[in-house]
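# Per-entry structural report
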Amino acid sequence: MDVTTSLKSLLLAIQQYGEGRSAHNAAQLLKQVEEISALKCEQLLSSGQLLPTECVRSLVELTGNPNTCPTVASAIISLLAQLACDDDSRRILHSSFNLTSIMASVIHRHSTTPEDPLVLQSLQLLQKLTYSTRVFPSTSYIHELIGFLMTNIHSQNDDITMPCLGLMANLCRDNPTVQSHIKSLDNIKPFYRTLINFLAHNSLTVVVFTLSILASLTLNEKVGEKLFDAKNIHQTFQLVFNIIVNGDGTLTRKYSVDLLVDLLQNPKIADYLTRYQHFSACVSQVLGLLQLKDSDSAAKVLDLLLAMCGVSGLRPLLCQVLFKPAAPKLRATGRRQGAALGGEPMAEPGLALVQWLSSPVEGAEGCSLKALQLLKDLLEEALGAASVSDGVRSFVEMLLPVLLGFVKDADPAHRDAHLRHHCERITHVNDVLLVMCAEDATRALVSKQVSAQLCLSQVEMLLAGCHSNNPPGSDNNNLSQVCAEALLKTLELMSKLRQQVKDMETSFYRTLQDQRIATPLSQALTSHHREHVQTGLALLLEATALPDFPSLVLGESIAARNAYRQREADLSIKRIAVQDIPAPSALPSSRINTSGLEVSSASSSGVHSLVDKLHSGLELQEQAKDGHVSDIIDVYEQKLATLASKESRLQDLLEAKAVALSQADRLITQYHFQRAQAEAEARKLASLLKEAERRREELQGELGGQLEEVKRSKADMEELLQHNARLQHDSEEHQALKGSYNTLLNRFTESERILRELQAAHSSLAKQLDTLRKNHEALQQQHDGTASLLQEKEKEMTSLRSDLQLKEDDIEGLQGELRAHGEKARVKEQERREMEEMLDVLRKELNKTEQARKDASIKASSLELQKSHLEGKLKQKEDELSKHSAMIAMIHSLSSGKMKSDVNLSL
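Quantities reported herein were computed from a predicted structural model and do not represent experimental measurements. (Residues numbered from 1 in each chain as written. Predicted model: local features only at pLDDT ≥ 70, side-chain atom pairs only at ≥ 80, totals over all residues. Heavy atoms only, no water.)

### Overview of the overall build of the protein chain
For clarity, the cut-off: Strands are runs of DSSP state E lasting at least 2 residues, helices are runs of H or I lasting at least 4, and numbering of each runs from the N terminus. When a residue's accessible area, from a 1.4 Å probe over protein chains only, is under 20% of the maximum for its type it is buried; when over 50% it is exposed; and in between it is partly exposed. For this analysis, residues touch if any pair of their heavy atoms sits within 4.5 Å. Surface accessibility in these figures is a Shrake-Rupley result with a 1.4 Å probe; residues are shielded only by whichever protein chains are displayed.
Looking only at helices and strands, one finds 36 helices and zero strands in the protein chain. Counting across all 907 residues of the protein chain, residues that qualify as buried make up 38%. Of the contacts formed within the protein chain by residues at least 6 apart in sequence, a portion of 75% connects residues at least 24 apart. Accessible area for the protein chain stands at about 50,800 Å²; split by element, carbon and sulfur atoms hold 55% of it.

The structure is reproduced here in structure tokens:
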């Protein structure tokens, strides 16, 4: 039995069970659910078809209905858990079918019997649904679910404790609103104590769940600082790495990786990990998981390595582990384009990463793309170092053929989905090649293996994809947008290698002059991504100088995209209104069903009329007994067979439309149910709004008081500003007066110093004058004595002349005596001359002294005049300064008193 027939049977069984909940109908429904489960159609929801969607919606309604048989509900939950196998299906079940809220309501209904198997199934399904999905506290029954989890985590039953811990870890992870709600509960401290006790549990899964909850709730609090401090963090690292490598299974490994990623978001813990001495060994063991061929484990390992690349201190350590020199045999294998990469396990960690490059892009959550992103980050770190090691160069040499093999593996005949995945891979491969082109040695390796023909073939394929029938502003995931991103990366690579590769520059400029390049360039220039805009501008700068660059086409394309976005903005209100409808596919399908019924009825009436006409025609033909009746009958038999086949097809269409109409009725019922839930939530929001309004009124009153206080504060501030201005003015005046006072004080000090110097000079000159006067008196006395002696000598000469006349006779006898007396007279005359010369010298010195005394008296009189002027000025300044400072008056009074004493002294 095919899937479509099984789904129709399941839909019919659900309808019958909804009409009558008998044991027979329940058994039929249970049988159909088990048949669907046996078909293992995991991608049923991702197909987007109406029939699977309607079946799942009906099953979800039955699960949420309290009147559903527990056995049927258990089977439905098992089927829903089987459908929730990938991220897209989980997202659809969570958002489109509101399954999280319904499962929470089921748990709330059976909260008194937590050991019920239905509760355990619901917890396990919720754990699947909420993994890596943010659940808001406004969702129905979430608060009750959190209370149930916290209550049953304290229980000693491991069967219920483990899913409760896992679900609590999902709800708390990266969800601040749920974390705040849990922290505000009264029993949070006993809950913390219980979680800390679980750290000694013998199950590694329980330990991981507990650490995840504690990290989400307490990482930035005192409890978290004690749990993840420098003493314990190394033990935590060792425990988490051991669980990742030797865990109980994929689920435990997932949560361990998520825990370590969350811890790395804390800068302090990330710094601790950079100093962890066993980091390299642990990373090597983690990389060994890439050789297990398990896509889920590989995806989580790559997520962990990408998170480690986000820590600057860990990237060099990762490069040391990953870029170990490969063995010569393996390097030769890499040169043969990685032919043996899928063979026997490899010892080198980097080669284990290269294995996942060839994995399908659409599978395993994009392990191939994650591996390329990781290689890009690590090569960017390794090639950006001061010196590039030989191990990195050999790794690049081994990696290049593998990357170029992916670029060559392009088949444009594949469907759009495959082409989209191929373009995504080309984008990441070109990112890695661009990183390799950043260093001279690796750029030389790239230029040896990349040819212009290879790039041109890629450009042609991507240009064809860029011009697919997509609207100019549609979603970023469409084929045109993905092809445009890959094309931009290819052109950027061609620009990097145009000087090293033969004919690359010609191919590059020829591509830029292609009319089709306007579409990807316009997408890049109008993109919301900064990197795309920068790449587009760089290419535009290269292209504008070319003669045949389609600038007009580019302008038209940009204008068309802007106009499309403007139209989208104008229609945003209508789009929001359409999105608010719970089942958007119900109304169109109902309209289609109605039109289908009309067509079927019209076709049926036409067939009956043709039959009637045929019968009437046959009767007439029998009456007329025409010879050509057999030929006419053959023609009509063929027409009747054709009409019968059409009628059968129309009948099938009518049945399908009838089923669709019943589906529309159920959708309407579902809509009413969801509307009732929305109204209940609206009433709850209304009560919250009233409470918020009351709180707003209280805050409005407080705000009024605060405004009055602000007004008073402003008035006080203005007064303080005015007072401050007055003080500032007084301060400026005081500074000016202080400056003038300092100037006068300096002048006064200088005048006082000059006066003291002049007084000292005057006293020394007075002493010299006294000394000269005494010398003059002594010389005067000596001169008087000499003059009296001369008079006496003259008298003696007169007496001697008289005696000479009297004793002329005695002259000859007395001639000798006369000669002796003459000699004595000459000596005395010589002494007299000397005395006269000395007297002249003394007179000159006396005149000089008298002149110096006169000059000193003149200087003293001029100084006395200056002093009198200064005293007048000082008295005037004293009158001015006495108004502002008592200190200045006191200094002036002391100065004036000192000046008076100086004046008296000089006088």
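On we go.
### Points about the environment of T786
The following threshold applies: Think of a polar contact as two N or O atoms within 3.5 Å of one another; within protein, one of them needs to be a possible hydrogen donor and the other a possible acceptor, and neighboring residues in sequence only count if both atoms come from side chains.
By secondary structure assignment, the location of T786 is in helix 34 (residues 629–806). In this structure the C-alpha to C-alpha distance between T786 and E831, which are 45 residues apart in sequence, comes to 9.8 Å. In terms of polar contacts, T786 uses its side chain to reach the backbone carbonyl oxygen of Q782, at 2.7 Å.

### Some points on the pattern of salt bridges
Rules: Here, a salt bridge means any side-chain nitrogen of Lys or Arg that lies within 4 Å of a carboxyl oxygen of Asp or Glu.
On inspection of all chains with the given rule, the structure shows 33 salt bridges. K300 is paired through a salt bridge with D258; the nearest N and O atoms lie 2.9 Å apart. Here D258 lies in helix 15 (residues 250–264) and K300 lies in helix 18 (residues 295–309), a separation of 42 residues in the sequence. One exposure class covers both K300 and D258, and it is buried. The salt bridge partner of K370 is D303, with a shortest N-O separation of 3.0 Å. Of this pair, K370 sits in helix 22 (residues 367–383) while D303 sits in helix 18, placing them 67 residues apart in sequence. In this structure K370 comes out as buried when scored by relative accessible area, which is 16%. Accessibility expressed as a relative area gives 22% for D303, which makes it partly exposed.

### Here we look at unusual backbone geometry
Only a minority of non-glycine residues have a phi that is not negative, and only a minority of peptide bonds are not trans. Backbone geometry places S132, a non-glycine residue, at a positive phi of 55°. Of note, S132 is situated in the loop between helix 7 (117–129) and helix 8 (142–153). With a phi close to 55°, D174 is a non-glycine residue in the positive phi region. For D174, a relative accessible area of 54% corresponds to the exposed category.

### Re helix 16 (residues 267–274)
Stated formally: Along the arc lie the directions from the helix axis toward the C-beta atoms.
All of the buried residues along helix 16 are I269, A270, Y272 and L273. For helix 16, the buried positions fall inside an angular range of 155° around the axis, keeping them on one side. Summarising the contacts, the buried residues of helix 16 are in contact with helix 14 (233–246), helix 15 and helix 17 (279–287).

### Some details on empty space enclosed by the protein
For clarity, the cut-off: Throughout, the protein atoms alone are placed on a 1 Å grid, and a set of points is a cavity if a 1.4 Å probe fits but cannot get out or a pocket if it is open with protein on both sides within 12 Å along at least five of seven lines; lining residues have an atom within 4 Å of a point. Grid points are joined across faces, edges and corners, and a volume is the space filled by probe spheres set on the points. Polar here means any residue outside two lists: the nonpolar Ala, Val, Leu, Ile, Met, Phe, Trp, Tyr, Cys and Pro, and the charged Asp, Glu, Lys and Arg; Gly therefore counts as polar.
Throughout the structure, instances matching the rule amount to six cavities of 30 Å³ or more. Reported here for the second largest cavity is a volume of approximately 70 Å³. Lining the second largest cavity we find L404, V407, I426, N430, L433, V450, L454, C455, Q458, T490 and L493. At the level of secondary structure, the elements contributing two or more residues to the lining of the second largest cavity comprise helix 23 (390–408), helix 24 (416–436), helix 26 (452–466) and helix 27 (479–497). In terms of residue class, the lining of the second largest cavity is built from eight nonpolar, three polar and no charged.

### Focus: the side chain of K254
Relative to the helices and strands, K254 resides in helix 15. Excluding its chain neighbours within four sequence positions, the residues that come into contact with K254 are Y131 and K300.

### Brief notes about the packing of helix 14 against helix 16
So the rule is basically this: Helix axes are fitted to C-alpha atoms over the stretch in contact, other axes to C-alpha atoms as well, and angles between N-to-C directions run from 0 to 180 degrees. Working definition: roughly parallel below 35 degrees, roughly antiparallel above 145 degrees, roughly perpendicular at 65 to 115 degrees, and oblique for all remaining angles.
Taken N-terminus to C-terminus, the directions of helix 14 and helix 16 make an angle of 75°; their axes are 10 Å apart at the nearest point. Regarding the angle of helix 14 to helix 16, the classification is roughly perpendicular. Here helix 14 contributes I233, H234, F237 and F241 to the contact with helix 16, which in turn contributes I269, Y272 and L273. For the contact of helix 14 with helix 16, a count of residues per class yields six nonpolar, one polar and no charged.

### A look at the side chain of N266
Examined against the element boundaries, N266 turns out to sit in the loop between helix 15 and helix 16. On the accessibility criterion, N266 (14% relative accessible area) is buried. The residues contacting N266, other than those within four sequence positions of it, are L219 and N220.

### Observations concerning the packing of helix 19 (residues 315–322) against helix 22
For the pair helix 19 and helix 22, interaxial distance at closest approach is 9 Å and the crossing angle is 100°. Considering their axes alone, helix 19 and helix 22 lie roughly perpendicular with respect to each other. Within the contact between the two elements, helix 19 uses R315, P316, L318, C319 and L322 and helix 22 uses L378, E381 and A382. Its residues assigned to classes, the contact of helix 19 with helix 22 comprises six nonpolar, no polar and two charged.

### Re the packing of aromatic side chains
Basically, it comes down to this: Two rings from Phe, Tyr or Trp (for Trp, the six-membered ring) form a pair when their centres are within 6.5 Å of each other. A pair whose planes differ by under 30 degrees is stacked, one over 60 is edge-to-face, and the rest are tilted.
All chains considered together, the criterion is met by six aromatic pairs. Measuring from centroid to centroid gives 4.7 Å for F209 and Y255, while their planes differ by 80°, and the two rings are edge-to-face. Highlighted residues: F209 in helix 12 (residues 204–218) and Y255 in helix 15, separated in sequence by 46 residues. Note on F209: relative accessible area 1%, which makes it buried. Here the aromatic cluster, defined as three or more aromatic residues joined through ring pairs, consists of Y131, F209 and Y255.

### What to know about the confidence of the model for the protein chain
In low-pLDDT regions, the fine details of the predicted coordinates are not to be read closely. Where we set the bar: Every residue is assigned a pLDDT by the predictor, reflecting its confidence on a scale from 0 to 100.
Of the residues in the protein chain, 82% have a pLDDT of 70 or more, and the chain-wide mean is 79. By mean pLDDT, the top-scoring element of the protein chain is helix 7 (92), and the lowest-scoring one is helix 33 (residues 586–624) (40). Across residues 471–477, where pLDDT falls below 50, the model places 13 contacts with residues more than four positions away in sequence or in other chains. Taken as a whole, residues 575–608 scores under 50 in pLDDT and shows 21 contacts with residues more than four places along the chain or in a different chain.

### Here we look at the environment of G288
Considering the arrangement of structural elements, one finds G288 in the loop between helix 17 and helix 18. In this structure G288 comes out as partly exposed when scored by relative accessible area, which is 31%. The spatial distance from the C-alpha of G288 to the C-alpha of A298 is 9.8 Å, given a sequence separation of ten residues.

### Things to note about the environment of R109
Topologically, R109 is positioned in helix 6 (residues 99–109). C-alpha separation for the pair R109 and V119, spaced ten residues apart in sequence, amounts to 9.4 Å. Contact partners of R109, with chain neighbours within four places excluded, come to T63, G64, N65 and P66.

### Digging into the state of the cysteines
Put simply, the test is: In this description, the term disulfide denotes a pair of cysteine sulfurs within 2.5 Å.
Enumeration over the complete set of coordinates arrives at zero disulfides. C483 takes part in no disulfide bond, and the closest cysteine sulfur, belonging to C423, lies 3.3 Å away. The class for C483 is buried, based on a relative accessible area of 0%.

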